[in-house]
Amino acid sequence: MNPIEAAALVLAGFGGGLCGSLAGLASLVSYPALLAVGAPPITANATNTVSLVFNGLGYVIGSRPELRSRAARVRRLAPAAALGGTAGAVALLLTPGNTFSRIVPYLIGLSGLLILVPARTRGAPFDMDRDPLWLRPIVFAIACYGGYFGAAAGVLLLAALLATGEPSLANANATKTILLWLANLVAAVIFVAKGEIDWAAAVPLALGFLAAGRLGPVLVRRLPARPLRVAIGLSALGLAIALWLEGR
């Protein structure tokens, strides 16, 4: 890892972290950056997951006002998120590297389409003390996907939370981030135990993620997200096509 590659990964972590904060698509920036510096697909994904833990940590620090009002909901949904992250990590380690390479462009393409679909901002009247029966299985499934690959896991979970009637995008976004942080954390522990991490790449990427995670809540409170979501969605589709053509 030379200094130019390390600096590029810091920038990729920062850019990906901001994308994750605003649109749930951090991996669409950071994963290709790891491939570009020579990491094999599964190692790149595992390294990305470990680095994403620091993005979530920074976001949690910056989202304390929103999280204080959603602590009970986070506690109720945390077991489903942790179990899902574990299942996704195990699935990744059991997937042959060449199979994973073929799947990735389709996952990224689906992510791009999902981000172009507007998230629902109004739903049923919100009850902070109760969750719909469907919410825990959905959290588990999305966290499982997050532990496996994760691109667009954030936007999927955000849409699910908004569908429960969450009145505030900032609060829903903070809840989404901490649940996926838990999923990434348990997946990261598994990847570290299996020795799948490229630490030379993980450290600079994590530094960028940490800084972006701290800044993300400020931007969510102040910036209009729709134009950025469209730009990220279109970029995701372009990246998916490029990776698909490369793998043919």
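Look above for the structure.
As a starting point, this report considers the structure included with it.

What counts and what doesn't
- Residues numbered from 1 in each chain as written.
- Predicted model: local features only at pLDDT ≥ 70, side-chain atom pairs only at ≥ 80, totals over all residues.
- Heavy atoms only, no water.
- Core = buried A, V, L, I, M, F, W, Y, C linked by side-chain atoms within 4.5 Å.
- Buried < 20%, exposed > 50% of the residue type's maximum accessible area, 1.4 Å probe, protein only.
- Helix = DSSP H or I, 4+ residues; strand = E, 2+ residues; numbered from the N terminus.
- Salt bridge = Lys/Arg side-chain N within 4 Å of Asp/Glu carboxyl O.
- Expected span 1.5 Å × (residues − 1).
- Bend = angle between axes of the 7 residues up to and from the residue.
- Contact = heavy atoms within 4.5 Å.
- Axes fitted to C-alpha atoms, helices over the stretch in contact; angles between N-to-C directions.
- Left-handed = near helix turned anticlockwise from the far one by under 90°.
- Parallel < 35°, antiparallel > 145°, perpendicular 65-115°, else oblique.
- 1 Å grid on protein atoms, 1.4 Å probe; cavity = no way out; pocket = protein on both sides within 12 Å on 5 of 7 lines; lining within 4 Å.
- Points joined across faces, edges and corners; volume = space filled by probe spheres on them.
- Nonpolar A, V, L, I, M, F, W, Y, C, P; charged D, E, K, R; others polar.

As for the nonpolar core
Then comes step 1: Membership of the largest hydrophobic core comes to 66 residues, with the highest contact counts inside it found for Leu34, Ile108, Val139, Phe149, Leu157 and Phe191.
Then comes step 2: Element by element, the count of residues in this core is highest for helix α9 (residues 169–193), at 12 residues.

Looking at the pattern of salt bridges
Then comes step 1: All chains considered together, the criterion is met by two salt bridges.
Then comes step 2: Arg73 is the salt-bridge partner of Asp131, the closest N and O atoms lying 3.0 Å from each other. Of this pair, Asp131 sits in the loop between α6 (97–116) and α7 (135–148) while Arg73 is found in helix α5 (residues 71–93), placing the two residues 58 residues apart along the sequence.
Then comes step 3: Assessed through its relative accessible area of 15%, Asp131 is described here as buried.
Then comes step 4: One salt bridge in this structure joins Asp131 and Arg76, with 2.7 Å as the shortest N-O distance. Of the two residues, Asp131 is situated in the loop between α6 and α7 and Arg76 in helix α5; the sequence distance between them amounts to 55 residues.
Then comes step 5: Here the salt bridges do not stand alone but share partners, grouping Arg73, Arg76 and Asp131 into one network.

Let's talk about helix α3 (residues 41–62)
Then comes step 1: Look at α3: 31 Å from first C-alpha to last across 22 residues, which is about the 32 Å you get at 1.5 Å a residue.
Then comes step 2: With 17 of 22 residues buried, α3 lies mostly within the body of the structure.

Some points on α5
Then comes step 1: With 23 residues, α5 ought to run about 33 Å at 1.5 Å a step, and its terminal C-alpha atoms sit 32 Å apart, in line with that.
Then comes step 2: Of all the bends found along α5, the most pronounced is centred on Leu77 and spans about 45°, while Pro79, a proline, follows it within four residues.
Then comes step 3: If you check which residues of α5 are buried, you get Arg73, Val74, Leu77, Ala78, Ala80, Ala81, Gly84, Gly85, Gly88, Ala89 and Leu92.

Digging into the environment of Ala160
Then comes step 1: Note that Ala160 resides in helix α8 (residues 153–163).
Then comes step 2: Note on Ala160: relative accessible area 9%, which makes it buried.
Then comes step 3: With 26 residues separating them along the chain, Ala160 and Trp134 place their C-alpha atoms 9.6 Å apart.
Then comes step 4: Apart from the residues lying within four places of it in its own chain, the contact partners of Ala160 are Trp134, Leu135 and Ile138.

Details of the packing of α3 against α9
Then comes step 1: Running from N to C, α3 and α9 point in directions that differ by 145°, and their axes come no closer than 8 Å. When you trace α3 past α9, the crossing you get is left-handed. Contact residues: Ala46, Thr49, Val50, Leu52, Val53, Gly56, Leu57, Tyr59 and Val60 in α3; Asn173, Ala174, Thr177, Ile178, Trp181, Asn184, Leu185, Ala187, Ala188, Phe191 and Val192 in α9.

Some thoughts on the packing of α5 against α9
The angle between the axes and the distance between the axes are what describe a pair of packed helices.
Then comes step 1: Axis separation between α5 and α9 bottoms out at 7 Å; the angle between their running directions is 40°. When the axes of α5 and α9 are compared, the pair comes out oblique. The two elements α5 and α9 cross, and the hand of that crossing is right-handed. Within the contact between the two elements, α5 uses Arg73, Val74, Leu77, Ala78, Ala81, Ala82, Gly85, Thr86, Ala89, Val90, Leu92 and Leu93 and α9 uses Thr175, Ile178, Leu179, Leu182, Ala183, Val186, Ala187, Ile190 and Phe191.

Description of empty space enclosed by the protein
Then comes step 1: Under the criterion given, the structure shown has one cavity of 30 Å³ or more.
Then comes step 2: By volume, the largest cavity is sized at about 280 Å³.
Then comes step 3: If you trace the largest cavity, you find 21 residues lining it, with Ala26, Leu52, Asn55, Leu180 and Asn184 closest to the centre.
Then comes step 4: Counting only elements with at least two residues in the lining of the largest cavity, the list comes to α1 (3–23), α3, α8 and α9.
Then comes step 5: In terms of residue count, the dominant contributor to the lining of the largest cavity is α9 (six residues).
Then comes step 6: Residue composition of the lining of the largest cavity, grouped by class: nine nonpolar, 11 polar and one charged.

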